[in-house]
Amino acid sequence: RVDGGIRTGRDIAIAAMMGAEEYGFGTIAMIAEGCVMARVCHLNTCPVGVTSQKEELRKKFPGTPEHVVNFFLFVAEEVRELMAHLGYSKFEDLIGRADLLKESDEQLARVAKTKGVSLTGFFSGIPDSKEDRAFLRATPEEGGGVKTETVHVNGFSSDLDREMCNHPDVKTAIERNSGETAVSFNIKNTDRSACAMLAGDIARKYGNKGLDGNLNINIFGSAGQSFGAFVLPGLKVRLTGEANDYVGKGMHGGEIVVLPEADAGFVASESSIVGNACLYGATGGDFHANGRAGERFCVRNSGAYAVCEGTGDHCCEYMTGGVVVALGTVGRNVGAGMTGGIGYFYDEDGRFEERVNGEIVKIQRVSTPAGELQLKNMIERHFEKTGSEKAEAILDNWSEEVGKFWQVYPPSEAQSAVVTDSIVGEQVKVSARAPSQDLCYLPVGADLNADQTTRCAD
């Protein structure tokens, strides 16, 4: 497998002759779908809306899938023409044929810094594969097979998703699209992407807006990778146990709660309960983990509101929206490439500042009423959902503990109400979605009235 600067069919042919069997495209595929290489990806100002969360810029995005498909058809056609020129009809006959390549004296002389460079030594050690093509395929004795055999067929990632989708109460809830429904299942760590198929059934019927009612899925055990992937509004997933990497990947709405078993025998706030890259690319929803998360927590998150009790390295990497609250220590490189959203970090060991990547983001103590309101309500919601002892201890001594939090924000959030109190009248969002499915807001500086609970999201 090769990549790096591959642009044309000629590049593919040369790579194949040097032994490549797979080819990776990066920049050129982005250009095919409309990227203009403005090189402002990290500033949230992309002029064609490729790397921007601003709706007015996103509307300028010109790309379609057909543009990319068309580009690769032209690449394939160029490869076919080169093969025909060389007298070959099968692409695999080119692979490893370095004897078909030779230095171009014209190209060496064209650029000053390549004059005097000789590639003879580079090609001298490559074996002649013109006649012996055995290297392309392992023999049956070596574990290989003939080309016509099916080497492997991926089975379904899990029977659990089918069990969920076929459960009569689940079917009824999706069809009725109202009220409350609760079902329970057991899970094991070979059950991957649990709830993804269920989310697909909901999306197929109602689109991204999800359900008007609430479908409560209670799961017990140790979940495999991508638990809760692509969860939608109206789908509330509660896992009692633990989960592997990529929890909540692509989450669009709804709720995911992960908490240990009551008799787990360990301190939740000091133990990992979910793996790496949780909420990768999430665009909405609420997430609560009564325990620590692994590395790259909320990488590329653009809308989820998440609370956990500590993370590994690279928390909030490439984040463009949403809010993250960490009630424990975190690893290095916090906020690398972060261009949107807000992070709140409880600094219990006094070392948080040295763990922040300051290339883009800035940090400050929670200094505005709106910021404190947002943080407190998210922690209260976390306590309500998980029974977190860490959250309870912080809330019980709030006036003192709030001073231990750092707020991390990129330039795009510098004038928001939670960062600076210079803006009057802006509303503060404290949850991705309230249980009613309506967006949940409180005016800046507002006091909760008698009709409201102390937990804003309710």
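Our subject in this report is the structure included herewith. Starting afresh in each chain, residues are numbered from 1 along the sequence in its written order. Residues qualify for local features only when their pLDDT is at least 70, as the model is predicted, and side-chain atom pairs are given and counted only at 80 or more; totals for whole chains, interfaces and linings, by contrast, use all residues. Hydrogens and water molecules were not included; the side-chain quantities draw on all heavy atoms of the structure.

1. Digging into the pattern of salt bridges
We count a salt bridge whenever a side-chain nitrogen from Lys or Arg sits within 4 Å of a carboxyl oxygen from Asp or Glu. This model, assessed by the stated rule, comprises 16 salt bridges. R381 serves as the salt-bridge partner of E255, at 2.8 Å between the closest nitrogen and oxygen. Residue E255 is found in strand 6 (residues 255–259), and its partner R381 is found in helix 10 (residues 369–386); the two are separated by 126 residues along the sequence. Like R381, E255 is buried. Among the salt bridges present, the one from K385 reaches E255, with a minimum N-O distance of 3.4 Å. Of the two residues, K385 is situated in helix 10 and E255 in strand 6; the sequence distance between them amounts to 130 residues. The helix count covers DSSP runs of H or I at least four residues long, the strand count covers runs of E at least two residues long, and both are numbered beginning at the N terminus. Relative accessible area decides the class of each residue, using a 1.4 Å probe on protein chains only: under 20% of the type maximum gives buried, over 50% gives exposed, and in between gives partly exposed.

2. Details of the pairing of strand 5 (residues 235–243)
With seven of nine residues buried, strand 5 is to be regarded as a mostly interior element. In the sheet, strand 4 (residues 214–223) pairs with strand 5 via nine bridges, with the strands oriented parallel. In the strand pairing of strand 5, I217 is matched with V237. Two strands pair if DSSP finds at least two bridges between them. In this structure, strand 5 lies alongside strand 6, joined through five bridges in parallel fashion. Within strand 6, the position partnered with T240 by the bridge is L259.

3. A look at unusual backbone geometry
Generally, phi is negative for residues other than glycine and the peptide bonds are trans, each holding for most cases. Here R39, not a glycine, exhibits a phi torsion of approximately 60 degrees, which is positive. Mapped onto the elements, R39 comes out in the loop between helix 2 (27–32) and helix 3 (55–58). Since its relative accessible area comes to 66%, R39 is described here as exposed. Positioned with a positive phi, R296 is a non-glycine residue whose angle comes to about 55 degrees. With respect to the secondary-structure elements, R296 resides in the loop between strand 7 (286–289) and strand 8 (302–308).

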